[in-house]
Amino acid sequence: MKLGILFSGGKDSYLSMQMAAENHQISCLLTINSLNQDSWMFHTPAIKWTKLQSESLGIPQIIQKTKGIQDEELEDLSKLINNAKKKYSIQGIVTGALASTYQSTRIQKICNGLGLWCFNPLWQLSQEKLLKKLQDFQITSIITGVAAEPFDESWLGQELDSSTINELLSYSKKYRINPAGEGGEFESLVINAPMFEKKIKILSSKILYSNFSGRLEIEEAKLE
Amino acid sequence: MKILLISTCKYKLSEYEFVNPIVEIIKSFEHDIKDYRTLQTINISDYDKIIICGTSLQDNDYLNFLNDFKKLRNSGKQILGICSGFQIICSMFDEKIIKQEEIGMINVKTKNQNSLINGDFQAYNMHNFSVDEVTVFNIIAKSNKTIQIISHKTLNIFGVSFHPEVRNEQIITNFLLI
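Worth saying up front: this structure is predicted, and the values here are computed from it rather than measured.

Just to check I follow, could you spell out the nonpolar core for this structure?
Nonpolar side chains in soluble globular proteins tend to be buried together. One finds I5, L30 and I81 of chain A together with F158 of chain B to be the most contacted residues of the largest nonpolar core, which totals 109 residues. Looking at which domains feed residues into this core, each of domain 1 (2–119) and domain 2 (127–223) of chain A supplies at least three. Every residue in contact with I81 of chain A, bar those within four places of it in the chain, is listed here: L30, I93, I110, C111, L114 and L116 of chain A.

In structure tokens form, the structure reads like this:
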């Protein structure tokens with residue numbers, strides 16, 4: 001089946017894509033660029049670098065801008081999915097939804113209305129298993145945003161490897177955070193993975209951080 | 001106790017979403033997962049309980065295998081049908097299926113004391129079909145719009161229209177205790 005991936009560039013949407021690619025053809029990446037940093041549906045600080053990911057994956061991307069106002073952003077998502085259906089003849093959408101019935105309900109309704117399949121291969125997966133899967137699938141991602149205690153600015157730009165994953169798991173017990181960031185505790189960007197032809201090298205970036213909230217603003221990056 | 005999980009998913013990619021979360025709930029029990037297309041080859045007597053899992057909104061392939069499911073009808077096994085499994089159970093007993101879309105969290109009220117769940121609760125629905133009346137089943141829970149849980153009048157066969165593996169796991173664990 002030809003599929004479009006709802007793609008934020010983070011670990012969950014990439015992992016879902018790699019799982020889908022085992023038996024299906026990935027025709028395009030669908031990215032929402034929200035101007036609202038507090039959007040419930042779409043939130044990722046490094047969204048503009050999905051273009052480099054698309055290039056490295058060799059999979060075309062459609063980007064839809066949205067103001068991020070609650071109902072309007074759903075209309076924009078619907079427009080994006082419909083465009084992908086027309087342009088790439090996709091029969092289904094893949095999302096990285098894990099536990100949010102708010103997000104999944106809205107995406108399921110849009111797909112159902114358009115007669116498209118909707119696949120959520122990470123649905124109900126535990127945070128611990130998700131982190132393990134990232135390692136099993138050899139996905140390298142970095143943290144590009146934090147929004148919870150006890151994350152200090154040293155987390156911005158850190159790779160999610162066995163050492164940081166162990167630290168996240170210990171945080172989950174001590175601070176009751178979701179260790180894979182499902183509650184918006186942190187955001188990630190995949191910089192290298194099996195489906196990438198080249199990895200993303202960050203050449204310059206700056207950290208914006210205050211009071212357990214911050215983001216890594218990537219200024220320059222390239223494929224190498 | 002040995003449990004048979006029947007996947008109604010046409011594609012493996014849907015099983016991560018509709019079968020694996022149920023496996024997580026029942027994993028402490030011995031269980032097998034079988035594909036609906038292999039029903040003819042399954043030895044039902046090997047199992048104590050059967051759970052028929054749900055599938056994607058666009059997935060109706062299991063409807064081509066309804067006759068194969070009918071062999072479960074007189075198996076004497078305790079059966080729980082979830083979402084598409086609910087429709088399969090209704091079809092096994094010739095109840096009339098109607099087109100009825102429900103997607104998202106809805107309020108459910110239980111009508112009769114039962115062994116799966118009691119009181120009012122919220123449930124995650126995702127279906128394009130349902131039933132609006134039943135003859136061989138008792139209605140044990142309803143939303144404002146539709147029938148949500150049914151139990152057979154004389155057999156230990158249950159149907160749940162929503163997805164209990166999301167937010168209502170106790171329905172599955174209670175089924176295992178019956």
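Still more ground to cover, so stick around.
Explain helix α3 (residues 70–88) of chain A to me, please; I cannot follow it from the model alone.
For an α-helix, the turn length of 3.6 residues means that residues three or four places apart are oriented alike. Compared with the 27 Å implied by 1.5 Å per residue over 19 residues, the 27 Å span of α3 of chain A between its first and last C-alpha is a close match. Considering only its buried residues, α3 of chain A is in contact with β1 (2–6), β2 (25–34), β3 (61–66), β4 (92–94) and α4 (101–114) of chain A.

So what exactly am I meant to see when it comes to the packing of α3 of chain A against α4 of chain A here?
Two quantities define a packed helix pair, namely the angle between the axes and the distance from one axis to the other. Residue and element names in this part refer to chain A. Here α3 crosses α4 at 40°, and the two axes come no closer than 10 Å. With respect to α4, the element α3 is oriented oblique. As for the relative orientation of α3 and α4, their crossing is right-handed in sense. Note on element contacts: α4 touches α3 through R106, I110, C111 and L114, opposite L74, L77, S78, I81, N82 and K85. Per-class residue counts for the contact of α3 with α4 are six nonpolar, two polar and two charged.

Quick question: what am I supposed to make of the sheet that holds β4 of chain A here?
Strands in a sheet are paired, the pairing made by backbone hydrogen bonds, and the direction either parallel or antiparallel. All names here are of chain A. Sheet architecture is open: five strands sit in the order β3-β2-β1-β4-β5, paired in parallel fashion. Bordering the open sheet on either side are β3 and β5 (117–119), each of which pairs with just one other strand. Strand-to-strand twist of the sheet, defined as the mean angle between neighbouring strand axes without regard to direction, takes the value 25°. Both β1 and β2 contribute to a ladder of five bridges, which runs parallel. Residue K2 lies in a different strand from β2, and its bridge partner there is Q25. Here α3 sits on the sheet in contact with β1, β2, β3 and β4, set at roughly 155° to β2.

Each value, and the rule that gives it
Residues numbered from 1 in each chain as written. Chains lettered and ligands numbered in written order. Predicted model: local features only at pLDDT ≥ 70, side-chain atom pairs only at ≥ 80, totals over all residues. Core = buried A, V, L, I, M, F, W, Y, C linked by C-beta atoms within 7 Å. Buried ≥ 20, exposed ≤ 12 C-beta atoms within 10 Å, placed from the backbone. Domains from an automatic or database assignment. Contact = placed C-beta atoms within 7 Å. Helix = DSSP H or I, 4+ residues; strand = E, 2+ residues; numbered from the N terminus. Expected span 1.5 Å × (residues − 1). Axes fitted to C-alpha atoms, helices over the stretch in contact; angles between N-to-C directions. Parallel < 35°, antiparallel > 145°, perpendicular 65-115°, else oblique. Left-handed = near helix turned anticlockwise from the far one by under 90°. Nonpolar A, V, L, I, M, F, W, Y, C, P; charged D, E, K, R; others polar. Pairing = 2+ DSSP bridges.

Treat this as a map of the structure, not an account of what it does.
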